[in-house]
Amino acid sequence: MRALAVLSVTLVMACTEAFFPFISRGKELLWGKPEESRVASILEESKRLVDTAMYATMQRNLKKRGILSPAQLLSFSKLPEPTSGVIARAAEIMQTSIQAMKRNVNLKTQQSQHPTDALSEDLLSIIANMSGCLPYMLPPKCPNTCLANKYRLITGACSNRGAEGEQPGLWHLWGLGKQYARWSPRSFVPIVWRQDGYRLDVQMFTDAGSTDLRSAEPRLEEAACAECGDGSGPHRRLLSIPPALKPGGVCAFPWKWAQRWRRHVSCPQSSVGDIDVDKGCTGDDAWEYGDTEVAGGMHGWRDQARMEEEMVREVTRHVIQVSNEVVTDDDRYSDLLMAWGQYIDHDIAFTPQSTSKAAFGGGADCQMTCENQNPCFPIQLPEEARPAAGTACLPFYRSSAACGTGDQGALFGNLSMANPRQQMNGLTSFLDASTVYGSSPALERQLRNWTSAEGLLRVHARLRDSGRAYLPFAPPRAPAACAPEPGIPGETRGPCFLAGDGRASEVPSLTALHTLWLREHNRLAAALKALNAHWSADAVYQEARKVVGALHQIITLRDYIPRILGPEAFQQYVGPYEGYDSTANPTVSNVFSTAAFRFGHATIHPLVRRLDASFQEHPDLPGLWLHEAFFSPWTLLRGGGLDPLIRGLLARPAKLQVHDQLMNEELTERLFVLSNSSTLDLASINLQRGRDHGLPGYNEWREFCGLPRLETPADLSTAIASRSVAAKILDLYKHPDNIDVWLGGLAENFLPRARTGPLFACLIGKQMKALRDGDWFWWENSHIFTDAQRRELGKHSLSRVICDNTGLTRVPVDAFQVGKFPEDFESCDSIPGMNLEAWRETFPQDDKCGFPESVENGDFVHCEESGRRVLVYSCRHGYELQGQEQLTCTQEGWDFQPPLCKDVNECADGAHPPCHASARCRNTKGGFQCLCADPYELGDDGRTCIDSGRLPRATWVSISLAALLIGGLAGLTSTVICRWTRAGTKATLPILETGGGTLQLRCGKHRAVGTSPHWATAQDSEQESAGMEGRDTHRLPRAL
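Definitions and cut-offs
Residues numbered from 1 in each chain as written. Predicted model: local features only at pLDDT ≥ 70, side-chain atom pairs only at ≥ 80, totals over all residues. Heavy atoms only, no water. pLDDT = per-residue confidence, 0-100. Contact = heavy atoms within 4.5 Å. Buried < 20%, exposed > 50% of the residue type's maximum accessible area, 1.4 Å probe, protein only. Helix = DSSP H or I, 4+ residues; strand = E, 2+ residues; numbered from the N terminus. Arc of directions from axis to C-beta. Phe/Tyr/Trp six-rings, centres within 6.5 Å; stacked < 30°, edge-to-face > 60°. Lys NZ or Arg CZ within 6 Å of the ring centre and 35° of its normal. Axes fitted to C-alpha atoms, helices over the stretch in contact; angles between N-to-C directions. Parallel < 35°, antiparallel > 145°, perpendicular 65-115°, else oblique. Left-handed = near helix turned anticlockwise from the far one by under 90°. Nonpolar A, V, L, I, M, F, W, Y, C, P; charged D, E, K, R; others polar. Core = buried A, V, L, I, M, F, W, Y, C linked by side-chain atoms within 4.5 Å. Disulfide = S-S within 2.5 Å. 1 Å grid on protein atoms, 1.4 Å probe; cavity = no way out; pocket = protein on both sides within 12 Å on 5 of 7 lines; lining within 4 Å. Points joined across faces, edges and corners; volume = space filled by probe spheres on them. Pairing = 2+ DSSP bridges.

Participant: Looking at this model, I keep getting lost on the confidence of the model for the chain. Mind explaining?
Facilitator: In regions of low pLDDT, the predicted coordinates are not meant to be interpreted in detail. On average, the chain scores 76 in pLDDT, and the residues at 70 or more come to 71%. Predicted confidence for residues 16–32 stays below pLDDT 50, and this span has 5 contacts to residues more than four positions away or in other chains. Taken as a whole, residues 406–418 scores under 50 in pLDDT and shows 37 contacts with residues more than four places along the chain or in a different chain.

Participant: Explanation requested: helix α22 (residues 723–733) in the structure shown.
Facilitator: Three or four residues apart is the spacing at which side chains of an α-helix point the same way, because the helix has 3.6 residues per turn. For α22, the complete set of buried residues consists of Val725, Ala726, Ile729, Leu730, Leu732 and Tyr733. Across the axial projection of α22, the buried residues extend over an arc of 165°, all falling on one side. Among the exposed residues of α22, those oriented more than 90 degrees off its buried face are Arg723 and Asp731. Downstream of α22 by a residue or two, Lys734 has a phi angle that is positive, lying close to 75°.

Participant: Which parts of the structure should I look at to understand the packing of aromatic side chains?
Facilitator: Given two aromatic rings, one states the distance between the centres and the angle between the planes to describe the pair. A complete count under the given rule lists 19 aromatic pairs for this structure. The ring of Trp450 has Arg448 sitting right over it, with the charged end atom 4.2 Å from the ring centre. Of note, Arg869 hangs over the ring of Phe851, and the distance from its end group to the ring centre comes to 4.5 Å.

Participant: Is there a simple way to think about the packing of helix α9 (residues 335–348) against helix α13 (residues 537–565) in this case?
Facilitator: Between α9 and α13, the shortest axis-to-axis distance is 11 Å and the interhelical angle comes to 125°. In terms of their interaxial angle, α9 and α13 are classed as oblique. Classified by chirality, the crossing of α13 by α9 is left-handed. For the pair α9 and α13, contact is made by Leu337, Trp340, Gly341, Tyr343, Ile344 and Asp347 and by His552, Ile555, Thr556, Tyr560, Arg563 and Ile564, respectively. Partitioning the contact of α9 with α13 into residue classes produces 7 nonpolar, 3 polar and 2 charged.

Participant: Honestly, the nonpolar core in this entry has me stumped. Any pointers?
Facilitator: Note that soluble globular proteins tend to have their nonpolar side chains buried in a common cluster. Residues Leu336, Trp340, Trp517, Leu743, Ile764, Leu793 and Leu798 are the most contacted members of the largest nonpolar core, which totals 169 residues. The leading source of residues in this core is α13, at 15 residues. Those residues in contact with Leu798 that sit more than four places away from it in its chain are Leu336, Trp340, Leu516, Trp517, Ile555, Ala815 and Phe816.

Participant: How should the state of the cysteines be read in this particular structure?
Facilitator: In a disulfide, the sulfur atoms of two cysteines are held together by a covalent bond. In the structure shown here, the tally under the stated rule is 13 disulfides. Each sulfur in the disulfide pair Cys142 and Cys158 lies 2.0 Å from the other. The disulfide joining Cys142 to Cys158 has a torsion of about -95° about its S-S bond and is therefore left-handed. Taken together, the residues span a long stretch of sequence, with Cys142 in the loop between α6 (134–137) and β1 (178–179) and Cys158 in the loop between α6 and β1 at a distance of 16 residues. Judged by relative accessible area, Cys142 falls into the buried class, the value being 19%. Here Cys370 engages in a disulfide with Cys393; their sulfurs sit 2.1 Å apart. Between Cys370 and Cys393, the S-S torsion sits near -85°, and that sign places the bridge as left-handed. With Cys370 in the loop between α9 and β14 (379–380) and Cys393 in strand β15 (residues 393–394), the pair connects residues that are 23 residues apart, well separated along the chain.

Participant: Help me understand empty space enclosed by the protein, please; the structure alone is not making it clear to me.
Facilitator: To find leftover empty space, a probe the size of one water molecule is rolled over the atoms. Going through the model one piece at a time under the given rule, you end up with 12 cavities of 30 Å³ or more. Its boundaries defined by the atoms lining it, the largest cavity holds a volume of some 710 Å³. Taken together, 41 residues make up the lining of the largest cavity; nearest its centre are Gln342, His346, Glu506, His601 and Ile604. Mapped onto the lining of the largest cavity, the elements with two or more residues apiece are α3 (70–77), α9, α12 (508–531), β17 (607–608), α17 (642–651) and α19 (682–692). For the lining of the largest cavity, the element with the most residues is α9, which contributes 6 residues. Each residue belonging to the lining of the largest cavity can be placed in one class, and the counts come to 21 nonpolar, 12 polar and 8 charged.

Participant: Before we go on, may I ask you to explain the sheet that holds strand β24 (residues 868–875) in this structure?
Facilitator: Sheet strands line up and pair through hydrogen bonds in the backbone, either parallel or antiparallel. If you walk across this open sheet you meet the 4 strands as β23-β24-β26-β27, and the pairing is antiparallel. The sheet is open, and its two borders are formed by β23 (858–865) and β27 (893–894), each paired with just one other strand. Bridge count between β23 and β24: 8 bridges; the pairing is antiparallel. Among the inter-strand pairings, Phe860 is bridged to a residue of β24, identified as Tyr873. Sitting on the sheet, α13 is in contact with β23 and β24, with an inclination near 65° to β23.

Here it is in structure tokens:
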């Protein structure tokens, strides 16, 4: 029995010793406390890295506020709206944290594992929450009122819903700050393999973004290479992806993409050497050998590093750029066609640059470094193309990351599959006139005139254009990034215009269209209020906004896009409207924003033309080179106003996109140049942006659109008529697969009666159809306007908008058709437009409720629900509703009392403080202020205090007072001493040496008021000399 007890105890101890580690580890896995603690520490460090880099950026910007370099102008134009900036910061923190965890996992496990494979979904949720990403990855909270189907939210959220209008719909992550859609032509895209000493530097551009595998060993899966080189395989060439041959002839690929590549990989006919992940390549390290024929196509590896570093600028110099004087005019379309394309692009897409312009970790200034250090991604310059100063690169910043993953918004369903970096769209992804109204409540608040009962937008307070409005200036706290008013000495910067999009001041044509639509909104609002005096200010504003949004949609899809695609491609890819489609994904795609819709850059004329009332060259306003007008509001304000610019856009042709005249020097050599010799290159920026976003190559997109792949020079010549241009492209890219999609689409031959080739016609057409069909608030949807209103809207045109908001009395019937004045111009009296009588609302005679008084800091909009009149209340930004949001009219009157709008104390929000810890938050009515202690100043984000580098004002006051005190004491002491010495019989001060070598002491004499110090000294000297002539110099004190 005793032996059995001993044996039992022994077994229990052994089991405890054996299983205790497992139990302990299981506890960690179940409760996650150690994991959570580690995640928290990594997140804190990631926050420190990101915030330090952002602080360094703002500090540099503060010191360079008097400098207007092209790179800084581009940065200011790409500054995210505050809400987008918060999202971008959170995304950078989340990505930095996951990268840190990847390193942590690899060090502990000594094996290749993607970081999200080692983390539970709960921990990933903690990462998302602590980084600040989680709120932007969740479905939006949609309103549940009768207005939900009547007016679009300012953020664009909830504009896509189910088939019957229920919210949210299948594609519910639309709105400000969401990621671009990824149209995947294939499951793979190019990889850049480079040598970095003895380590293989693998930079992968996937179809969903770019991922750097350099810091971790890729786990290698084995995939049979039996098909490679034996004549039976697919033999499809990939850009610089030589499969590594491990001993035994087995192909090795980075683990995540192995399955995707198996069907598409092509192998070289002879081995180029084995790859050891730790030591790099053996054999032919550069992977360069002569081209070989594989299945009838070119095949060969080359040094991709040189191509990646130099090709962007080389493509610009050898293929894209032409002199300003080499311009072919478009014989069909006016310059307004180009301007509208740029304007409407700014309505649906905005890709903010990284929140930091300094490297995360190390803090290198992206404007100074030529090394790739996230977010710095500089455009390398070949030696022969470098400026005299010897700059080896042009600055370039990666696009801001986006929170979340997956088109359908699965929170972590795709994150656990290695969620690569995605790019953010800072706008709403809808054709909704966000250029006029903004994409966030905070910006809308700045744009509206809250004192107006007519729902007007703010206008310039001082300046008018023959009685018509100008855009207002941005508030003083915004970065002053524009050219100053001429004639103001010492000023290097001035304010930019405030509009719904921050790029309104980039070029005069954009400013003109923004101004035109500001006036149109206010014109419509005043007219609607006159028709419906009982409407509240908010009701007038919302209805005018809905009409302006509809006009943007009509002009774009009816008048603009068919001219770009041509009638056949428009019918093929867009077609007639067949009603709202809840399955259509309306998100702007990455390839559309980053490549296809940038075709318009090739149609920009190098001159800004301003014409007089006879549509001739203006005698007092000569044409301006584009670089003279970048970010220059005063070109409009002091250049004759809006009318001369509109005349120039209507009566002068656009630049024709010709194969060997793609972009002029104003864009490739003088982009955003105002007053210094530095430069930017728009063509190189476009190419670099596509690589930053990881866009697949030209042939992959052609295949995506059902177009044949181009494998040989002969194939390429069928798509590009100019043999010289095709030869230059092949000389640089070596194979059509390698061509950047933006350049490939740009160089294609036009389709009939179009201004794009087949690839861009496909991509633009698919995008426009998705934007139209997936938008519940599309103007043709029967739920949005009445039949009578839709008929009236269809009569309106851009020409009518110009007539109603400028001093022009004659315009072309088709504003995009270039014509001669006066034969091709019609009187404004004959230009049709909509009759607003269709918007007149009859107030019910038997109504027993009437309208309650407006709520302070809020308003109401009325609508109908189940045949009863309803009021829906809302508060201005910065206030919250207290009480019932919706009131219904009953037989006894309104069913509830009107609510109140209470000021929100943003400073009390500890979870999401509005100001950085370095600033003091002060609550104001409807907002807050971030205050800094002297000598700190607010940075560009408006919430962080930056050291200005100067002494505090109090210190200067102390120094001044101390100097006065010391000066006063010194003067008093000198006076007392001098009087004392004069009273005595012996002089003691000062000591003077006479011409005879003797010494003399004296005190200065009192000077008359107004006598200059120099003159007083001269008088004293003369009097002293006269007195000395009769004196016995030997009577001086001998002790001296």
